[in-house]
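# Report on the structure
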Amino acid sequence: MPQNGPIILRVAVPTPLRRTFDYIFPENLTKKIDGDLPLPGSRVTIEFGRRTLVALIIEVTDSSAIALEKMKPIKDLLDSAPILSPELLKLFIWAANYYQHPIGEALFTALPALLRKGEATELPAVKHWKVTQLGLSTGTASLDRAPRQMALLQFLKDKTALPESELTGCFSATIRNQVEEKGLIESFLAQHEPQPASDELLQQANLTLDSQQQIAMDAIELHGFSCNLLEGVTGSGKTEIYLQAIEKTLRYNRQALVLIPEISLTPQTEKRFTDRFNTPIVSLHSGMTDKQRLEAWIKAKSGEAKIILGTRSAIFTVFDDLGLIILDEEHDSSYKQQDGFKYSARDLAVIRAQREAIPVILGSATPSLESLNNCIEGRYQHLTLTQRANNATAPSWRVIDLKTEATNCGIAQSTLDAIQQRLAAQQQVLVFLNRRGYAPALVCHNCGWSADCPKCDSKLTFHRARARLICHHCDYQQRKTQHCPSCKSTELMTAGEGTEQSEEFLARHFPDNEVIRIDRDSTRRKGAMQEFFATADSGKPCILVGTQMLAKGHHFENVTLVVILDADSGLMSADFRSHERIGQLLVQVAGRSGRGKLKGEVIVQTHQPEHPVLDQLFNQGYRPLAMQLLEQRQQGMLPPYRPLAVIRAESAYPNQAMELLNLARKLCDQQRGIETDIQCLGPLPALMEKRAGRFRFILQVTAPHRGQLQGCLSAVANQLDNEKLAQKVRWSIDVDPHEL
Ligand code: ADP
Ligand code: ZN
Ligand code: ZN
């Protein structure tokens with residue numbers, strides 16, 4: 001950069017404004033930087049309006065559209081070196097543009113909270129304790145008369161060193177000081193926990209890959225960019241491939257990022273990684289405190305942590321030297337952020353891998369239609385595992401037609417018989433119902449009244465244990481009434497079933513066996529999930545009843561029967577992804593059955609056994625279903641064949657939301673040219689029109705090519721930003737939406 005005038009910093013500020021801001025870098029701050037110029041990716045504090053904000057340097061330049069005398073200096077430079085690498089900063093900017101999200105907000109939602117607040121990116125030094133040379137050579141005999149002191153020495157002897165916080169619970173300051181005075185232990189300050197000096201990377205041997213696994217493993221090129229879709233039936237040993245690919249990456253001295261869909265999966269998954277590797281692994285997920293997140297982030301950046309295991313937002317982690325990205329259950333919707341910065345961690349993983357020239361492995365038993373299409377079009381390498389590892393066989397499907405068989409609390413007699421048999425054979429049963437609560441509706445038998453949410457287009461769910469009616473969309477709650485508010489009759493009845501009811505019914509029916517319910521209500525208590533899994537892992541005959549929390553990734557050795565109580569919910573939805581989703585969900589749930597030595601079975605209860613989606617799934621499997629759905633998407637000119645974006649608007653006043661989208665449509669139409677075939681559909685009411693007191697509408701926008709759609713969306717966004725109406729209505733753009 002030619003240097004004649006002052007240095008100008010173009011910064012991203014955490015505001016919903018779609019632009020950057022220019023500030024002067026004052027000379028008195030020069031002493032704070034490592035080199036000649038401040039660098040993009042460093043944080044500064046600025047005066048913004050009447051507030052002081054933390055902002056991030058996007059660009060360092062010497063020219064600006066703003067007159068110099070109108071430009072303010074930054075107040076302070078927080079980092080002497082950038083906290084984001086140039087590649088990662090470019091990825092952020094790319095993502096903000098692609099997802100049409102204001103750059104400042106995009107950057108700041110993805111950084112750990114404490115960094116947003118200006119916290120330092122160094123860990124504070126903490127006091128550690130270790131045994132001295134004298135302590136190592138002296139036997140504990142000298143402490144014969146002081147058992148606590150002896151215990152402390154003993155405790156520290158087989159460790160390299162420990163932070164003081166891990167000693168305070170068991171050894172008082174007095175004890176520590178006494179042993180220190182004898183010269184047997186000493187304290188020191190350190191930022192990082194010293195690692196055991198072991199050169200063995202693996203603490204548990206790799207499994208010998210079977211032939212399919214070996215073929216897949218050999219095909220994954222670990223140098224340079226490659227995108228690999230690992231499609232392996234549930235239990236086929238995908239995780240073993242992840243572990244071995246990570247091992248190779250670590251042997252090149254590079255780090256690995258492993259993304260998983262949800263926090264409920266972390267304990268089990270984390271264990272498989274920590275069991276295998278003798279190397280620091282850190283987790284990054286929403287269940288952590290801000291301090292823990294920052295610590296994990298710093299360890300990834302410094303290179304201290306070799307494996308980072310995280311949920312969606314971990315895709316924005318800074319690494320010292322990232323060598324591999326793995327994204328498990330790649331089809332899972334939780335990779336797409338649904339509000340605010342609506343990015344897809346899966347798609348960003350591929351972009352990031354490409355930019356950093358490293359491989360990415362997307363794994364799933366039920367790959368998304370997008371990824372399958374990318375394989376068909378030759379962009380991804382398609383690797384398949386069709387058999388279960390460990391000689392386990394695929395479970396068989398059995399369909400129960402509810403049109404011909406009656407149910408009690410949603411469960412058919414032949415289902416009960418099948419459960420009975422499994423329990424008698426000392427095996428476990430998993431019962432899946434994707435509705436929590438006792439019943440999804442409460443109705444009056446006398447007049448037909450039903451308990452509806454006053455703020456949403458939805459019914460209230462009856463939760464019996466809490467004696468409350470709760471809306472699952474906006475969390476509105478009220479006590480359950482004894483009388484119908486409309487006709488005062490006492491004949492109120494529940495309609496349909498939720499997990500609470502299934503649990504109660506099964507517990508009554510099988511009094512000799514434990515029935516464990518796993519859903520968002522039952523696992524709210526800290527540690528509850530671990531307790532439930534401990535029972536399941538014990539292998540004793542029991543019934544697990546639960547929602548999709550049970551569907552994901554868990555490995556229950558002794559579950560041999562999976563019952564899907566209601567395969568119909570989800571078939572009716574008008575969302576273009578609903579059939580793909582139900583197919584994935586059913587296969588994932590079914591995959592919990594027979595993962596051990598015993599053969600598994602899946603019972604599906606449905607009113608529509610002849611439904612083409614179910615029919616194809618049960619008789620031919622997921623892949624043929626996916627191929628058929630892809631064909632329908634192609635005919636309907638839907639993703640992945642045509643890029644789609646949705647502009648959403650919501651307001652307490654339905655006409656204002658509609659009006660905004662009508663305007664958006666007009667602006668889109670103006671973008672249409674000879675070469676740009678922008679198509680709009682709508683404005684239409686959202687699938688749930690009223691939610692939490694707001695009326696919601698959508699406008700679908702498509703174009704034959706991404707570039708055209710992007711161009712149109714950013715023009716429309718900029719124009720809408722200047723509209724008065726856009727200040728009153730809550731609106732947003734969702735690129736590659738997962739839901740309508
Ligand atoms: P997936 O991730 O595809 O669902 P997992 O990696 O969990 O499958 O593997 C299922 C089971 O098979 C696990 O208990 C795992 O230890 C075992 N397994 C995987 N690969 C092998 C192998 N090559 N030899 C023996 N057992 C294996
Ligand atoms: Zn009534
Ligand atoms: Zn509601």
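A quick note: this is a predicted structure, and the numbers were derived from the prediction, not measured.

## Observations concerning the overall build of the chain
- Looking only at helices and strands, the chain has 21 helices and 32 strands in total.
- In summary, the chain has a C-alpha radius of gyration of 29 Å against a globular reference of 27 Å for 740 residues, a match within 12%.
- For the chain, the C-alpha atoms occupy an extent of roughly 80 × 80 × 60 Å along the three principal directions.
- Counting only residues that meet the buried cut, the chain has 53% of its 740 residues in that class.

## So, the coordination of the zinc ion (ligand 3)
- Taken together, Cys 453 (SG), Cys 456 (SG), Cys 471 (SG) and Cys 474 (SG) make up the full set of protein donors to the zinc ion (ligand 3), lying 2.2 to 2.3 Å away.
- The site at the zinc ion (ligand 3) holds four donor atoms, and with the angles between them running 104 to 115 degrees, its shape is tetrahedral.
- Counting gaps between the donor residues of the zinc ion (ligand 3) yields the pattern C-x2-C-x14-C-x2-C. Remark: Cys 474 occurs in the loop between β22 (468-470) and β23 (477-479) and Cys 456 occurs in the loop between β20 (441-444) and β21 (461-463); sequence separation between them is 18 residues.

## With respect to the sheet that holds strand β3 (residues 43-48)
- Pairing is antiparallel across the open sheet formed by five strands, whose spatial order is β2-β1-β4-β3-β5. With one partner strand each, in any of the chains shown, β2 (21-25) and β5 (76-77) form the two edges of the open sheet.
- Bridge count between strand β1 (residues 7-12) and strand β4 (residues 51-61): five bridges; the pairing is antiparallel. Counted as the bridge partner of Arg 10 is Glu 59 from β4.
- Contacts from helix α2 (residues 103-110) reach β1 and β4, with the element oriented near 105 degrees to β4.

## A short note on the coordination of the zinc ion (ligand 2)
- Note on the zinc ion (ligand 2): its protein donors are Cys 444 (SG), Cys 447 (SG), Cys 484 (SG) and Cys 487 (SG). The metal-donor distances range over 2.3 to 2.4 Å.
- Classification of the site at the zinc ion (ligand 2) rests on its four donor atoms, whose angles at the metal span 105 to 113 degrees, yielding the label tetrahedral.
- When the donors of the zinc ion (ligand 2) are listed by position in the chain, the intervening gaps give C-x2-C-x36-C-x2-C. Linking Cys 447 in the loop between β20 and β21 with Cys 487 in the loop between β23 and β24 (492-495), this pair joins segments that are 40 residues apart in sequence.

## As for the site of ligand 1
- What surrounds ligand 1 is a group of 18 residues, the closest being Thr 208, Gln 213, Lys 238, Thr 239 and Arg 272.
- Here Thr 208 contributes a backbone N or O atom positioned 2.7 Å from a nitrogen atom of ligand 1.
- Contacts to ligand 1 include Thr 239, whose side-chain N or O atom sits 2.7 Å from an oxygen atom.
- Its free accessible area being 560 Å², ligand 1 has 81% of it covered by the protein chains.
- Tallied by class, the residues present in the shell around ligand 1 amount to four nonpolar, nine polar and five charged.

## Quick notes on the packing of aromatic side chains
- Applying the stated criterion to the full structure yields twelve aromatic pairs.
- Look at Phe 21 and Phe 48: their rings are 5.0 Å apart centre to centre, the planes differ by 85 degrees, and that puts the pair in the edge-to-face class. Here the residue Phe 21 occupies a position in strand β2, and Phe 48 occupies one in strand β3, the gap between them amounting to 27 residues. The same class applies to Phe 21 and to Phe 48, which are both buried.
- Both rings, one in Tyr 99 and one in Phe 341, keep their centres 6.4 Å apart while their planes meet at 75 degrees; by these two values the pair is edge-to-face.

## Here we look at the side chain of Ser 651
- Structurally, Ser 651 can be placed in strand β29 (residues 644-651).
- Judged by relative accessible area, which is 3%, Ser 651 ranks as buried.
- Reaching out from Ser 651, the side chain makes a polar contact with the backbone nitrogen of Tyr 653 at a distance of 2.8 Å.
- With residues near it in sequence (within four places) discarded, Ser 651 still touches Gln 656, Ala 657, Arg 694, Phe 695 and Val 729.

## A word on the pattern of salt bridges
- Tallied over the full model, the rule gives 41 salt bridges.
- Notably, a salt bridge pairs Lys 540 with Glu 514, separated by 3.1 Å at the nearest N-O pair. Linking Lys 540 in the loop between α15 (528-538) and β26 (542-546) with Glu 514 in strand β25 (residues 514-518), this pair joins segments that are 26 residues apart in sequence.
- Classification of Lys 540 by relative accessible area gives partly exposed; the value is 41%.
- Each of Arg 10, Asp 22 and Glu 59 takes part in a single network of salt bridges with overlapping partners.

## Brief notes about the nonpolar core
- Counting residues in hydrophobic clusters, the biggest one holds 123 residues, and the most contacted among them are Leu 84, Leu 107 and Ile 315.
- Setting aside chain neighbours within four positions, we find Leu 107 in contact with Ala 12, Leu 56, Ile 58, Leu 84, Leu 89 and Phe 92.
- One finds Ile 246, Leu 250, Ala 256 and Leu 324 within the second-largest nonpolar core, a separate group that totals 27 residues.

## Things to note about the environment of Gln 656
- On the secondary structure map, Gln 656 appears in helix α19 (residues 654-671).
- Sequence-wise, Gln 656 and Val 179 are 477 residues apart; in three dimensions their C-alpha atoms are separated by 74 Å.
- Contacts of Gln 656, omitting those with residues within four sequence positions, involve Ser 651, Leu 725, Lys 728 and Val 729.

## Description of helix α5 (residues 147-157)
- Along α5, the positions that sit buried rather than exposed are Gln 149, Leu 152, Leu 153 and Leu 156. Each buried residue of α5 lies within a common arc of 95 degrees when the element is viewed along its axis, so the set occupies one face.
- Those residues of α5 that are buried lie in contact with β6 (126-131), α4 (133-137), β7 (162-163), α6 (173-181) and β8 (185-190).

## Describing helix α18 (residues 622-635)
- Between its first and last C-alpha, α18 extends 20 Å over 14 residues, near the 20 Å set by a 1.5 Å rise per residue.
- Buried residues along α18 sit against α12 (369-376), α16 (578-590) and α17 (612-619).
- Immediately beyond the C-terminal end of α18, within one or two residues, lies Met 637, with a positive phi of roughly 50 degrees.

## Some words on the packing of α19 against helix α20 (residues 706-721)
- Between α19 and α20, whose axes approach to 9 Å, the crossing angle comes to 135 degrees. Classified by the angle between their axes, α19 and α20 sit oblique to one another. Between α19 and α20 lies a crossing whose hand is right-handed. Contacts between α19 and α20 involve Leu 660, Leu 663, Ala 664, Leu 667, Cys 668, Gln 670 and Gln 671 from the first element and Gly 711, Cys 712, Ala 715, Val 716, Gln 719 and Leu 720 from the second.
- When the residues that make up the contact of α19 with α20 are grouped by side-chain class, the tally is nine nonpolar, four polar and no charged.

## Some points on unusual backbone geometry
- Going from Pro 639 to Pro 640, the amide bond is cis rather than trans, its omega being 5 degrees.
- Assignment of secondary structure puts Pro 640 in the loop between α18 and β29.
- With omega at 5 degrees, the peptide bond leading from Gly 682 into Pro 683 counts as cis.
- With phi around 50 degrees, Met 637 is a residue other than glycine that occupies positive phi space.
- One non-glycine residue, Ala 692, lies in positive phi territory at about 50 degrees.
- Within the fold, Ala 692 resides in the loop between β30 (679-691) and β31 (694-702).

## Observations concerning the environment of Glu 497
- Within the element layout of this structure, Glu 497 appears in the loop between β24 and α14 (499-509).
- Sequence spacing of Glu 497 and Arg 436 is 61 residues, and the spatial spacing of their C-alpha atoms is 8.6 Å.
- Setting aside residues no more than four positions away along its own chain, Glu 497 makes contact with Cys 409, Gly 410, Leu 433, Arg 435, Tyr 438, Ala 439 and Pro 440.

About the thresholds
- One numbering rule holds for all chains: residues counted from 1, following each sequence as written.
- Chains and ligands are labelled sequentially in the order written, the chains with letters from A and the ligands with numbers from 1.
- Owing to the predicted nature of the model, reporting of local features is limited to residues with pLDDT of at least 70; listing and counting of side-chain atom pairs is limited to 80 or more, with chain, interface and lining totals taken over all residues.
- With hydrogens and water excluded, all non-hydrogen atoms of the structure serve as input to the side-chain values.
- The helix and strand labels rest on DSSP assignments: H or I over at least four residues marks a helix, E over at least two residues marks a strand, and numbering proceeds from the N terminus.
- In this description the radius of gyration comes from C-alpha coordinates, and the expected globular size is given by 2.2 Å times residues to the power 0.38.
- Exposure is judged per residue with a 1.4 Å probe applied to protein chains only, and the accessible area is read against the type maximum: over 50% gives exposed, under 20% gives buried, and values in between give partly exposed.
- Here a donor is an N, O or S atom found within 2.8 Å of the metal, or within 3.2 Å if the metal is Na, K or Ca; sites may look incomplete because water is not among the atoms.
- Every geometry call rests on angle ranges, with four donors termed tetrahedral when all angles are between 85 and 135 degrees, four termed square planar and six termed octahedral when opposite donors are over 155 degrees apart and all others are between 65 and 115, and everything else termed irregular.
- In this scheme, strands are said to pair when DSSP sees at least two bridges between them.
- Only heavy atoms matter for contacts: two residues are in contact if any of them lie within 4.5 Å across the pair.
- Note on method: axes are straight lines fitted to C-alpha atoms, helices fitted across the in-contact stretch only, with angles between N-to-C directions ranging 0 to 180 degrees.
- Proximity is defined per residue: if any heavy atom of the residue lies within 4 Å of a molecule or strand, that residue is considered near it.
- For this analysis, a polar contact is any N or O atom pair within 3.5 Å, provided that within protein one partner can donate a hydrogen and the other can accept it, and provided that sequence-adjacent residues contribute only side-chain to side-chain pairs.
- Only the protein chains shown count as cover for residues, with accessible areas throughout obtained via the Shrake-Rupley method and a probe of 1.4 Å.
- Residues are grouped as follows: Ala, Val, Leu, Ile, Met, Phe, Trp, Tyr, Cys and Pro are nonpolar; Asp, Glu, Lys and Arg are charged; every other residue, Gly included, is polar.
- Note on aromatic contacts: the rings of Phe and Tyr and the six-membered ring of Trp form a pair at centre separations within 6.5 Å, being stacked when their planes are under 30 degrees apart, edge-to-face when over 60 apart, and tilted otherwise.
- Salt bridge criterion: a side-chain nitrogen from Lys or Arg within 4 Å of a carboxyl oxygen from Asp or Glu.
- Working definition of a nonpolar core: buried Ala, Val, Leu, Ile, Met, Phe, Trp, Tyr and Cys residues. They are joined through side-chain atoms within 4.5 Å.
- Throughout, the arc means the angular range of directions from the helix axis out to the C-beta atoms.
- Expected span, for any helix, means 1.5 Å times one less than how many residues it has.
- Throughout this description, any angle smaller than 35 degrees is read as roughly parallel, any larger than 145 degrees as roughly antiparallel, any in the 65 to 115 degree range as roughly perpendicular, and the remainder as oblique.
- Definitions for this section: a left-handed crossing has its near helix turned counterclockwise from the far helix by less than a right angle. A right-handed crossing has that turn clockwise.

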